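The residues making up each chain are set out below.
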Amino acid sequence: MLRDELLRRAEHDQRVREAAEPDGRLTLVQGLRSLWTDRRNTTWLARAVRRHGWPGVAAVGAEAAHAAWLLAQHADRRPHLQRMFLRALRGAVEAGDADRADLAYLEDRVRVNAGRPQLYGTQYGTAGGVFGPRPIEDPGGLDERRAEAGLPPMAEQDARMRRLARGEQP
């Protein structure tokens, strides 16, 4: 049941986001739909995590565990809950029950949302009209941290993100 609900919510989350205009912008209605979806998913995931702990691979399978991460990643408007999800996911990774790459992405998301530099270079944006990674703590150790998290080197990530920003296939 938890597995099915995670998969259903993640599929809906992605369907709402894929409704963007060709230039990537959302109409007002699409934007509101995305906000409502995130709010409902965040509230639901918080209840599930409080009841059952992080929905790890052993309990719900790899696909649904990744879906839980997706919902947590999109909990930006509820930072206290996003931080709770990060702690729970961190515990699951330490127990070998969740993906280290998912943890890296959520760690960076929480840091960027708090105005702190990211550790893994997963979060991108536009600053001063220039697209690129958000500030990174200790750039010299970046590729080593990325490798430990199961992520490709930053040069590969950067090329992929720039292709996506141009509307090309990854």
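You'll find the structure just up there.
## With respect to the packing of helix H1 (residues 2-17) against helix H4 (residues 62-73)
Between H1 and H4, the least distance of the axes is 8 Å, while the angle of their chain directions is 50 degrees. The pairing of H1 with H4 is recorded here as oblique in orientation. Along this stretch, H1 crosses H4, giving a crossing that reads as left-handed. Residues Arg3, Leu6, Leu7, Arg9, Ala10, Asp13 and Gln14 of H1 form the contact with H4, whose participating residues are Glu63, Ala64, Ala67, Ala68, Leu70 and Leu71. When grouped by side-chain class, the residues that make up the contact of H1 with H4 number eight nonpolar, one polar and four charged.

## Observations regarding H4
With twelve residues, H4 ought to run about 16 Å at 1.5 Å a step, and its terminal C-alpha atoms sit 16 Å apart, in line with that. Most of H4 sits inside the fold, with nine of its twelve residues counted as buried.

## Considerations on the packing of aromatic side chains
The final tally for this structure, using the stated rule, is two aromatic pairs. Between the aromatic rings of tryptophan 69 and tyrosine 105, the centroid separation amounts to 6.0 Å while the plane-to-plane angle is 75 degrees, which identifies the pairing as edge-to-face. Of the two residues, tryptophan 69 sits in helix H4 while tyrosine 105 sits in helix H6 (residues 100-113), which places them 36 residues apart along the sequence. When its relative accessible area of 10% is taken as the criterion, tryptophan 69 is described as buried. With 5.4 Å between their ring centres and 35 degrees between their planes, tyrosine 124 and phenylalanine 131 make a pair best called tilted. Assessed through its relative accessible area of 12%, tyrosine 124 is described here as buried.

## Focus on the packing of helix H5 (residues 79-94) against H6
Direction vectors running N to C along H5 and H6 enclose 155 degrees, while the axes themselves pass 10 Å from each other. Judged on the interaxial angle alone, H6 and H5 are roughly antiparallel. Crossing angle aside, the handedness with which H5 passes H6 is left-handed. Contacts from Gln82, Arg83, Phe85, Leu86, Leu89, Arg90 and Val93 in H5 reach Arg100, Asp102, Leu103, Leu106, Glu107, Arg109, Val110 and Asn113 in H6.

## What about the pattern of salt bridges?
If you walk through the whole model with that rule in mind, you get 14 salt bridges. Here arginine 111 ties to glutamate 137 by a salt bridge, and the two come within 3.2 Å at their closest N and O atoms. Placement of arginine 111 in helix H6 and of glutamate 137 in the loop between strand S2 (130-133) and helix H7 (142-148) is noted, with a sequence separation of 26 residues between them. Using a relative accessible area of 8% as the deciding quantity, one classes arginine 111 as buried. If you follow the salt bridges from partner to partner, you end up with Asp13, Arg17, Asp38 and Arg77 in one network.

Cut-offs and rules
- Residues numbered from 1 in each chain as written.
- Predicted model: local features only at pLDDT ≥ 70, side-chain atom pairs only at ≥ 80, totals over all residues.
- Heavy atoms only, no water.
- Axes fitted to C-alpha atoms, helices over the stretch in contact; angles between N-to-C directions.
- Helix = DSSP H or I, 4+ residues; strand = E, 2+ residues; numbered from the N terminus.
- Parallel < 35°, antiparallel > 145°, perpendicular 65-115°, else oblique.
- Left-handed = near helix turned anticlockwise from the far one by under 90°.
- Contact = heavy atoms within 4.5 Å.
- Nonpolar A, V, L, I, M, F, W, Y, C, P; charged D, E, K, R; others polar.
- Expected span 1.5 Å × (residues − 1).
- Buried < 20%, exposed > 50% of the residue type's maximum accessible area, 1.4 Å probe, protein only.
- Phe/Tyr/Trp six-rings, centres within 6.5 Å; stacked < 30°, edge-to-face > 60°.
- Salt bridge = Lys/Arg side-chain N within 4 Å of Asp/Glu carboxyl O.

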